[in-house]
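Residue-level structure breakdown
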Protein chains: 2
Amino acid sequence: MANIGFIGLGIMGAPMAGHLIAGGNKVFTSAHRKPAPSELVSKGLESKGSPKEVAEAADIVIIMVPDTPQVEEVLFADDGVAKGLSKGKIVIDMSSISPIATKEFAAKINKLGCEYLDAPVSGGQVGAKAASLTIMVGGSDATFNKVKPVFDLMGKNVTLVGGNGDGQTTKVANQIIVALTIEAVAEGLLFASKAGADPVKVRQALMGGLATSRILELHGERMIKRTFNPGFRIELHQKDLNLALQGAKSLGVSLPNTATAQELFNACAANGGKAWDHSGMVRALELMANHQVAPDPS
Amino acid sequence: MANIGFIGLGIMGAPMAGHLIAGGNKVFTSAHRKPAPSELVSKGLESKGSPKEVAEAADIVIIMVPDTPQVEEVLFADDGVAKGLSKGKIVIDMSSISPIATKEFAAKINKLGCEYLDAPVSGGQVGAKAASLTIMVGGSDATFNKVKPVFDLMGKNVTLVGGNGDGQTTKVANQIIVALTIEAVAEGLLFASKAGADPVKVRQALMGGLATSRILELHGERMIKRTFNPGFRIELHQKDLNLALQGAKSLGVSLPNTATAQELFNACAANGGKAWDHSGMVRALELMANHQVAPDPS
């Protein structure tokens, strides 16, 4: 049982905070932007007037907001978390944000005598509701062990990857690999389909071999069945690939296929697809292909 | 027990033909280019003077040569297989070649009153020796069922995907997906490594999630351990991606990441890597990155 602040009660944060309350913790949130969800209030969630007041009331402050600028604001605005922290408190950022900014944020929080963990998740809304999120953590062993029981209320695969920033880096690497594997399956199945083969049978023949992946299994089927309801929305994956590409620029790495995948997501968004499941990336390749299944006679 | 011709006794073909002999079949080959391997001759392999003579002696003629032009020559040269065929015989091309050319070859063979199967394999030299190849077949049900026992002597996963060409199309789709998944893992792990995270722990954290693939498991480990001995040689994968890109041009499909992957293989080959394992593609990305692990201060 701990006093936990939870800032960002959106479609991910609300069920996550619900699990913390159900686990016997006292949970505070900030109503500085909008009122706390009544369903959580009825279970014991307590509202404060600002992130600063939340940090004063809680021993652990969890943040779950959309992107880097929002985390920065929650932490370092005039009435932000940093203003309410005192020595020994723990800040956990579970948002998916820049690994590079994360290292700066952690250093600033550490200077206040407080601990910082970056702990982005994968598994989406389904995983948040089912308390089955994958949680990738960056920070110290000691702090990780201290808050492990809190993570266990929200997730199933909880891994300490390394120091601050490494949790976010792992999440970005995950999103790169997922996007590019979707793109790989899309190119393979589209080629097969345009060459006149049945993509259902092609996918079956490839499953079990070297091309085997969770993406070929799940997203390959979505491409074939044309079911592009999320799942995971293209506009969210665009945000994550933006982190990858901005990070790559800053780190001095070239990620050519991540850049192309982002452009394919952009093409989907330009054609009304920002809320499609990310497997809908195949539609951008289809837009570029002609619709002629048989080969040219030449 | 059948009379089987086998043309192309290289590192793949020789062990495959060996399994056919061990299975009790009479096997013929052509010594028009070089003498038959003495090891197989001692087990009963019989040499003929040309592919034409092989086709006269055998009921089933298997071809296992490097690429499309070689298959065309074996089939349609003056002393080629087509000249020796008679009604009811079966030609099986187990080489990995153009799906489009395959449809033309099959049509020509069919006009002679003979059956044609395209049946490329994956699993490499190891699979050939262990008789555990994956075999992807295009052709008619009836012909497939007739020769299934022959395939079973050489492979484990034998799938009839569709009509002529569809076996080759499936193989190309497999090679596209494998190359691009290698590229995906390479971009993800390189990003993580340059951002200062331990790629060993990142890979562990990702295994089991949506980024899971056979490639992350096998080739991700090779990238981390720097073990780039084949496996599957880059120069062979270059040949397969050439089939993909030539086919895409002819079919009217755009395969942007296949094109980039081919260029990365080209960069490896240009740096002495044509015989590296295909996981060595990561080295091309490393050549493009600086070697600065820490982020720029900006």
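Residues numbered from 1 in each chain as written. Chains lettered and ligands numbered in written order. Predicted model: local features only at pLDDT ≥ 70, side-chain atom pairs only at ≥ 80, totals over all residues. Heavy atoms only, no water.

Let's talk about the relation of the copies chain B and chain A
Let me state the cut-off plainly: A least-squares fit on C-alpha atoms brings the copies together, and the residues used are those whose pLDDT is at least 70 in both copies.
When chain B is fitted to chain A, the best match, at an RMSD of 0.1 Å, comes from turning it 180 degrees and sliding it 0.0 Å along the axis. In symmetry terms, the pair is related by a two-fold rotation axis. Within chain B, B:Ser213 has its C-alpha nearest the rotation axis, a separation of 2.0 Å.

Quick notes on the nonpolar core
To keep things clear, this is the line we draw: Among the buried residues, those of types Ala, Val, Leu, Ile, Met, Phe, Trp, Tyr and Cys that are joined through side-chain atoms within 4.5 Å form a nonpolar core. Partly exposed residues are those whose accessible area sits between 20% and 50% of the maximum for their type, while under 20% is buried and over 50% is exposed, using a 1.4 Å probe and protein chains only. In what follows, a contact means two residues having at least one pair of non-hydrogen atoms within 4.5 Å.
Residues A:Val202, B:Val202 and B:Leu206 are the most contacted members of the largest nonpolar core, which totals 92 residues. Those residues in contact with A:Val202 that sit more than four places away from it in its chain are A:Leu189, A:Ala192, A:Ala197, B:Val161, B:Thr170 and B:Ala173.

Describing the pattern of salt bridges
The following threshold applies: The salt bridge definition used is simple: a Lys or Arg side-chain nitrogen within 4 Å of an Asp or Glu carboxyl oxygen. The way it works is that DSSP assigns letters per residue, a run of H or I at least four long becomes a helix, a run of E at least two long becomes a strand, and they are numbered from the N terminus.
Under the criterion given, the structure shown has 17 salt bridges over all chains. The closest approach of N and O atoms between B:Arg226 and B:Glu286, which form a salt bridge, is 2.8 Å. Here B:Arg226, found in the loop between helix H11 (214-225) and helix H12 (234-251), pairs with B:Glu286, found in helix H14 (residues 281-288); they are 60 residues apart in sequence, far enough to count as distant. With relative accessibility at 38%, the residue B:Arg226 sits in the partly exposed group. Residue B:Glu286 is classed as buried on the basis of its relative accessible area of 19%. Salt bridges here are not isolated pairs; linked through shared partners, they connect A:Lys26, A:Glu46 and A:Lys48.

Considering the interface of chain B and chain A
The criterion, for reference: Buried area is calculated as the accessible area (1.4 Å probe) missing from two parts once they are joined, with the contributions of both summed.
The interface of chain B with chain A comprises 68 residues on the first partner and 67 residues on the second. Between chain B and chain A, a total of about 5,600 Å² is buried, with carbon and sulfur atoms accounting for 66% of that surface. Of all residues in chain B, the largest losses of buried area upon contact with chain A belong to B:Phe191, B:Leu210 and B:Leu251, amounting jointly to 14% of the total for that side. Taken together, chain B and chain A are joined by zero salt bridges. Element by element, the count of residues in the side of chain B that touches chain A is highest for helix H9 (residues 166-194) of chain B, at 20 residues.

Focus on the packing of H9(B) against helix H13 (residues 256-270) of chain B
Residue and element names in this part refer to chain B. For clarity, the threshold we go by: Lines fitted to C-alpha atoms define the axes here, with helix axes fitted over just the stretch in contact, and angles between the N-to-C directions of these axes take values from 0 to 180 degrees. Roughly parallel refers to an angle under 35 degrees, roughly antiparallel to one over 145, roughly perpendicular to one between 65 and 115, and oblique to any angle outside these ranges. Think of it as three bins: nonpolar holds Ala, Val, Leu, Ile, Met, Phe, Trp, Tyr, Cys and Pro, charged holds Asp, Glu, Lys and Arg, and polar takes everything else, Gly as well.
One can describe the packing of H9 onto H13 by two numbers: an axis separation of 10 Å at closest approach and a directional angle of 70 degrees. Between H9 and H13, the angle falls in the class roughly perpendicular. Contacts between H9 and H13 involve Ile-176, Ala-179, Leu-180 and Glu-183 from the former and Asn-257, Thr-258, Ala-261, Leu-264 and Phe-265 from the latter. Of the residues in the contact of H9 with H13, the class split is six nonpolar, two polar and one charged.

What to know about empty space enclosed by the protein
Going by this rule: Definitions used for this entry: grid spacing 1 Å over protein atoms alone; cavity, a set of points where a 1.4 Å probe fits but cannot get out; pocket, an open set with protein on both sides within 12 Å along at least 5 of 7 lines; lining residue, one with an atom within 4 Å of a point. Grid points are joined across faces, edges and corners, and a volume is the space filled by probe spheres set on the points.
Taken as a whole and judged by the stated rule, the model has one cavity of 30 Å³ or more. Taken as a whole, the largest cavity spans an internal volume of roughly 30 Å³. If you trace the largest cavity, you find it lined by A:Ser122, A:Thr134, A:Met136, A:Asn174, B:Ala205, B:Leu206, B:Gly209 and B:Leu210. Only strand E8 (133-138) of chain A together with helix H10 (199-206) of chain B provide two or more residues apiece to the lining of the largest cavity. For the lining of the largest cavity, the class distribution of residues is four nonpolar, four polar and no charged.

Section: helix H1 (residues 13-22) of chain A
Residues and elements named next belong to chain A. Burial of H1 is extensive: eight of the ten residues sit out of reach of the surface. Regarding H1, the residues found buried are Gly-13, Pro-15, Met-16, Ala-17, Gly-18, His-19, Leu-20 and Ile-21. At the exit of H1 stands Gly-24, carrying a positive phi of roughly 95 degrees.

So, the environment of B:Ile176
As for its placement among the helices and strands, B:Ile176 is situated in helix H9. When the C-alpha positions of B:Ile176 and B:Leu245 are compared, they lie 9.6 Å apart, and in sequence the two are 69 residues distant. Apart from the residues lying within four places of it in its own chain, the contact partners of B:Ile176 are A:Ala184, A:Glu187, A:Gly188, A:Phe191, B:Leu241, B:Ala244, B:Leu255 and B:Thr258.

A word on a negative patch on the surface
Definition in use: Distance thresholds for patches are 9 Å for like charges and 5 Å for nonpolar side chains (Val, Leu, Ile, Met, Phe, Trp, Tyr), applied to residues having over 30% relative accessible area and no salt bridge. For the area figures, the Shrake-Rupley method with a 1.4 Å probe applies, and any residue is considered shielded solely by the protein chains shown. For the purpose of counting charges, residues Lys and Arg are taken to be positive, whereas Asp and Glu are taken to be negative. His and the chain ends are not included. Here the site of a charge means atom NZ of a Lys, CZ of an Arg, CG of an Asp or CD of a Glu.
Taken together, the side chains of A:Glu53, A:Glu56, A:Glu73, A:Asp78 and A:Asp79 make up a negatively charged region of the molecular surface. Examined against the element boundaries, A:Glu53 turns out to sit in helix H3 (residues 51-57).

Concerning the packing of aromatic side chains
What describes a pair of aromatic rings is the distance from one ring centre to the other and the angle between the planes of the rings. To keep it simple, the criterion reads: Geometry of aromatic contacts follows a simple scheme: Phe, Tyr and Trp rings, the Trp one being its six-membered ring, pair when their centres are within 6.5 Å, and the pair is stacked under 30 degrees between planes, edge-to-face over 60, tilted otherwise. Criterion for a charge above a ring: Arg CZ or Lys NZ at most 6 Å from the ring centre, at most 35 degrees from the ring normal.
Under the definition given, this model contains four aromatic pairs over all chains. A centroid spacing of 6.3 Å and a plane angle of 35 degrees characterise the contact between A:Phe144 and A:Phe151, whose relative ring orientation is tilted. This pair shows no difference in class: A:Phe144 is buried, exactly as A:Phe151 is. Stacked on the ring of B:Trp276, the Lys or Arg B:Arg283 has its end atom at 4.4 Å from the ring centre.

Quick look at the side chain of A:Thr143
Residue and element names in this part refer to chain A. Along the chain, Thr-143 turns up in helix H8 (residues 141-152). Relative accessible area serves as the criterion here: at 1%, Thr-143 is assigned to the buried category. When neighbours within four sequence positions are excluded, Thr-143 is seen to be in contact with Ile-90, Glu-115 and Leu-117.

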